[in-house]
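As a plain string of letters, each chain reads:
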Amino acid sequence: MRKLVAIVLIISLLVISCGCQKNDAISIGIIPLDSRPCNTQYAQLLGEMAGFNVKLPDKELLDDFTTLSQANPLWQWLEQNKCDHYILFTNQLWNGGLIGSRSLTNYADEELFFNKLSAFIDTHKDSTITIISVLPRLLPSQYDEELWSYQKELASYGSAWDKALQLNQLEPDLPKNVPVNLVAQYRALYETIYAFLLNLSDYAKENVKLVIGQDDAQQYCPSNIIYRAMNEIDNANISMLHGADELTMLTVAKYTAIPSTLKVVYSDSADAERYYPYEAADLASIIEEKAKYVNLSIDENAIDTLIVHTSPDSLVQTKTLLEDNYNGYLALADVAYTNKGDIALSDILLEDVMFQKLHCYSGWNTASNTIGTILAHYAISQNYAKTDSAAKAALEFKLTRYSEDLAYQGHISNILRGELATLNQIDYTTAFVCTEGYANATERLTNRFMLYGDKLCDLVVGRQVLLPGIVVQCNKAEYKAADDLGEDFYVVTADMAKDGSANTAVIVYRVSPREYMFYYKAINLFTINSTDYEVVANELKKTIALYEARLFVYDANGIGAALRDWLNKPTQDKDGFPLPGYGIINPPSGAEKDVITYTKDRTICYEIKSGGLEGQRIHKIFISRISNGSIRFLIKTSEALLKFQQNANF
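Residues numbered from 1 in each chain as written. Predicted model: local features only at pLDDT ≥ 70, side-chain atom pairs only at ≥ 80, totals over all residues. Heavy atoms only, no water.

Chemist: What exactly am I supposed to notice about the sheet that holds strand S16 (residues 504–513) here?
Modeler: Hydrogen bonding along the main chain pairs the strands of a sheet, whether they run parallel or antiparallel. With mixed pairing, the 7 strands of this open sheet are ordered in space as S21-S22-S18-S15-S16-S17-S23. Only two strands of the sheet have a single partner each, and these edge strands are strand S21 (583–584) and strand S23 (631–632). Across 4 bridges, strand S18 (residues 551–555) lies against strand S22 (residues 603–608) in parallel orientation. By the bridge assignment for S22, Asp 555 is matched with Ile 608. Each of strand S15 (489–495), S16, strand S17 (518–528), S18 and S22 touches helix H18 (residues 533–547); the most contacted strand, S17, lies at about 140° to it. (Pairing = 2+ DSSP bridges. Helix = DSSP H or I, 4+ residues; strand = E, 2+ residues; numbered from the N terminus. Contact = heavy atoms within 4.5 Å. Axes fitted to C-alpha atoms, helices over the stretch in contact; angles between N-to-C directions.)

Chemist: I would appreciate a short explanation of helix H8 (residues 180–201) in the present structure.
Modeler: Every α-helix winds through 3.6 residues per turn, so residues three or four apart in the chain are directed the same way. In this model, H8 (22 residues) spans 32 Å end to end at C-alpha, consistent with the 32 Å of a helix rising 1.5 Å per residue. Where H8 bends most, at Ala 188, the angle is about 25°. Buried within H8 we find Leu 182, Val 183, Tyr 186, Arg 187, Ala 188, Leu 189, Tyr 190, Ile 193, Phe 196, Leu 197, Leu 200 and Ser 201. (Expected span 1.5 Å × (residues − 1). Bend = angle between axes of the 7 residues up to and from the residue. Buried < 20%, exposed > 50% of the residue type's maximum accessible area, 1.4 Å probe, protein only.)

Chemist: Please clarify how the sheet that holds strand S10 (residues 305–309) should be interpreted in this entry.
Modeler: Sheet architecture is open: 5 strands sit in the order S9-S8-S10-S11-S12, paired in parallel fashion. Looking along the sheet, the strands with just one partner apiece sit at the ends: strand S9 (296–298) and strand S12 (360–362). Recorded for the sheet is a direction-independent mean angle of 25° between the axes of neighbouring strands. Packing against the sheet, helix H11 (residues 283–293) makes contact with strand S8 (260–266), S9 and S10, and its axis sits at approximately 150° to S9.

Chemist: Whenever I open this one, the pairing of strand S11 (residues 330–334) confuses me. Can you help?
Modeler: Side chains on a regular strand alternate between the two faces of the sheet. A large share of S11 lies buried, amounting to 5 of its 5 residues. Every second residue of S11 is oriented toward a common face, with Leu 330, Leu 332 and Asp 334 on one face and Ala 331 and Ala 333 on the other, all of them buried. Two elements, S10 and S11, share 5 bridges in a ladder whose sense is parallel. Bridging from a neighbouring strand, His 309 pairs with Asp 334 of S11. With helix H12 (residues 315–323) bridging S10 and the parallel S11, this β-α-β connection has right-handed handedness. (Right-handed = clockwise from strand over helix to strand, strands pointing away.)

Chemist: Would you take a moment to explain unusual backbone geometry for this structure?
Modeler: It is generally the case that most residues other than glycine have a negative phi and that most peptide bonds are trans. Phi angles above zero are rare outside glycine, and Asn 168 is one such case at about 60°. Relative to the helices and strands, Asn 168 resides in the loop between helix H7 (151–166) and H8. Judged by relative accessible area, which is 76%, Asn 168 ranks as exposed. At Lys 386, a position not held by glycine, the phi torsion is positive, near 60°. Of note, Lys 386 is situated in the loop between helix H15 (367–381) and helix H16 (388–422). Lys 386 sits in the partly exposed class, given a relative accessible area of 37%.

Chemist: Please explain the environment of Asp 299 as it appears in this structure.
Modeler: Along the polypeptide, Asp 299 turns up in the loop between S9 and S10. A relative accessible area of 29% places Asp 299 in the partly exposed class. Through-space distance from the C-alpha of Asp 299 to that of Thr 128 is 30 Å; in sequence the pair is 171 residues apart. In terms of polar contacts, Asp 299 uses its side chain to reach the backbone amide nitrogen of Asn 301, at 2.9 Å. (Polar contact = N/O pair within 3.5 Å; in protein donor to acceptor, adjacent residues only side chain to side chain.)

Chemist: Mind showing me how you'd approach the nonpolar core here?
Modeler: Side chains of nonpolar character tend, in soluble globular proteins, to be buried together. Membership of the largest hydrophobic core comes to 86 residues, with the highest contact counts inside it found for Leu 306, Leu 349, Tyr 384 and Tyr 402. At 9 residues, H16 tops the list of elements feeding residues into this core. Once residues within four sequence positions are removed from consideration, Leu 306 is found in contact with Leu 262, Lys 263, Val 264, Val 265, Ala 331, Leu 332, Ala 333, Ile 374 and Leu 375. (Core = buried A, V, L, I, M, F, W, Y, C linked by side-chain atoms within 4.5 Å.)

Chemist: Would you explain the state of the cysteines in this entry?
Modeler: By definition, a disulfide links two cysteine residues through a covalent bond between their sulfur atoms. Summed over all chains, the structure comprises 0 disulfides. Left without a disulfide partner, Cys 360 is nearest to the cysteine sulfur of Cys 38, which lies 15 Å away. Assessed through its relative accessible area of 2%, Cys 360 is described here as buried. (Disulfide = S-S within 2.5 Å.)

Chemist: What is the right way to read the side chain of Asn 524 from this model?
Modeler: Mapped onto the elements of the fold, Asn 524 is located in strand S17. Given a relative accessible area of 0%, Asn 524 falls into the buried group.

Chemist: Looking at this structure, I do not really get the environment of Ser 403. What am I missing?
Modeler: Here Ser 403 is to be found in helix H16. Note on Ser 403: relative accessible area 1%, which makes it buried.

Chemist: Can you walk me through the packing of aromatic side chains in this structure?
Modeler: When we look at a pair of aromatic rings, we describe it by the centre distance and by the angle of the planes. Taken as a whole, this structure holds 23 aromatic pairs when the rule is applied. An angle of 80° between the planes, with centres 6.4 Å apart, marks the rings of Tyr 42 and Phe 397 as edge-to-face. Residue Tyr 42 is found in helix H2 (residues 41–49), and its partner Phe 397 is found in helix H16; the two are separated by 355 residues along the sequence. For the pair formed by Tyr 42 and Phe 397, the shared burial category is buried. Taking 6.1 Å as the distance between ring centres and 55° as the angle between the ring planes, the aromatic pair formed by Trp 75 and Phe 113 counts as tilted. Residue Trp 75 is located in helix H3 (residues 71–80), and its partner Phe 113 is located in helix H5 (residues 110–122); the two are separated by 38 residues in the primary sequence. Relative accessible area serves as the criterion here: at 7%, Trp 75 is assigned to the buried category. One aromatic cluster is present, built from ring pairs that chain together Trp 75, Tyr 86, Trp 94, Tyr 107, Phe 113, Phe 114, Phe 120, Phe 196 and Tyr 203. Above the ring of Trp 161, the side-chain terminus of Arg 187 is found at 4.0 Å from the ring centroid. (Phe/Tyr/Trp six-rings, centres within 6.5 Å; stacked < 30°, edge-to-face > 60°. Lys NZ or Arg CZ within 6 Å of the ring centre and 35° of its normal.)

Functional significance is not addressed by these values, which are geometric in nature.
Shown next as structure tokens:
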């Protein structure tokens, strides 16, 4: 979903004063809770807004749904990436990911974990290390078949266990129809984690902070027992927070360290004391604890405002609040439903005026997730970097929330899931039971999302207010071959990157033949965030097909030459879908017999080697084409030249 929106929207900035550059920025290394975007991409975008350099392990090192990560490669990654700050989730480093941390079988080798942690702390005295451990939810893991078959009975017992302790009563009887050993296993998970956290709390001193999060809880649940016990420890380096998937964003935001005040307005004030689904505290308490964590104070006289849409029943009040006049930052936390935005707000949220007026919207998963996302965004906004990359990150973050929370979860998800369930292509554990199911879901999702994607494109084209006083200009990209091309055609270009933090850059041009020359208009640009030649080649092949490109031009100097073999031969993507090979127009001398030949319409790859005199000739032609107006960028030519001149190698 994120990629679909990100590709169709290209941002060109108006004049914005520049702040810190990424190379000199604060660096943050993260071992995330799991590999989902909420624990990886969202934190990176917020970090980019503040000019932070947020580093994450390659996805191959992290968990992948039910496939657990391995600890040793992650510890090695940490040693190889020196950072100012580290955010380390024990759920990933010890248990292999969030799903893994819900099963007792993944809690072995505790001594080895602490040995590695001690060694890491000892060699990183100059860095701030925030260790986060998320408590398990009330329900047992759905991937533990024995326990899951008694999910209702165990959840009921877990609630009664905590309730009895809270009310000073005797512990409840064991559930009669559940084997005693399974009840013991259910309890042992919480008991093991409590003992682990007591040991972990000893590390919370000096440059080491400990955060304990509470995942998918409720007013009465076993994780409350641990939460209360750990909360009794008198240690300023330990923080207790409800929620899980928003904790990475909040901790990244915490490094901004700028005290600010925020006004909170509820659509129904009575809901401030309400316990929302999957929460072990009332709404007001959750807001206050998360605000405190990122150095914010709740103040009814503050200029900046957070509106909380608390219930479908308070829709009119929410719309009235949104239509009021505000001078500062404005955000909407949509907690009316669990795991989706309230589609009854769509008409007002998708209005141009309101889209400009709201600086942040969130309405995903739990109340903690939604509130934490907005408070992290607000804290980051107080330390906004004022760079091109910061503006792009801010817009992508906003569009991601609208796309996922309102468009996908609100409007599309339930309908799509129903269709796939009817076709037996989805279930509660594997998401897609076959490759065919994945392909079918992708096609259906793309078709259904286009309506909302086009609307969001329309909303951001032109002048866009990202934050108070921060304005950008956005142009709409072409994200596939147009139906009305006439004599025009597309050319895809790429510059391959292999090492370090660089990414492969891709620019798509729409070429218009004229009587005496060609006119070139850049209509899309993006990066491929991988250093794997096969992955890069596959993405390029998909782009060529998407635009029905007549020509693909790539830099064959150095590492770029190695891309030739992957482009030339048929391949398969990670899901097993076949991708064609393409012919090389100008293979290097001596390599003609090594390349696979194709028909003329498939021989479209042209290699550029731009060193020496050839490079000088290319540069001269490039500048002359800019001068006569035959090359058009996503921004004005004058602005493009200014940006080129700011490059040290210009």
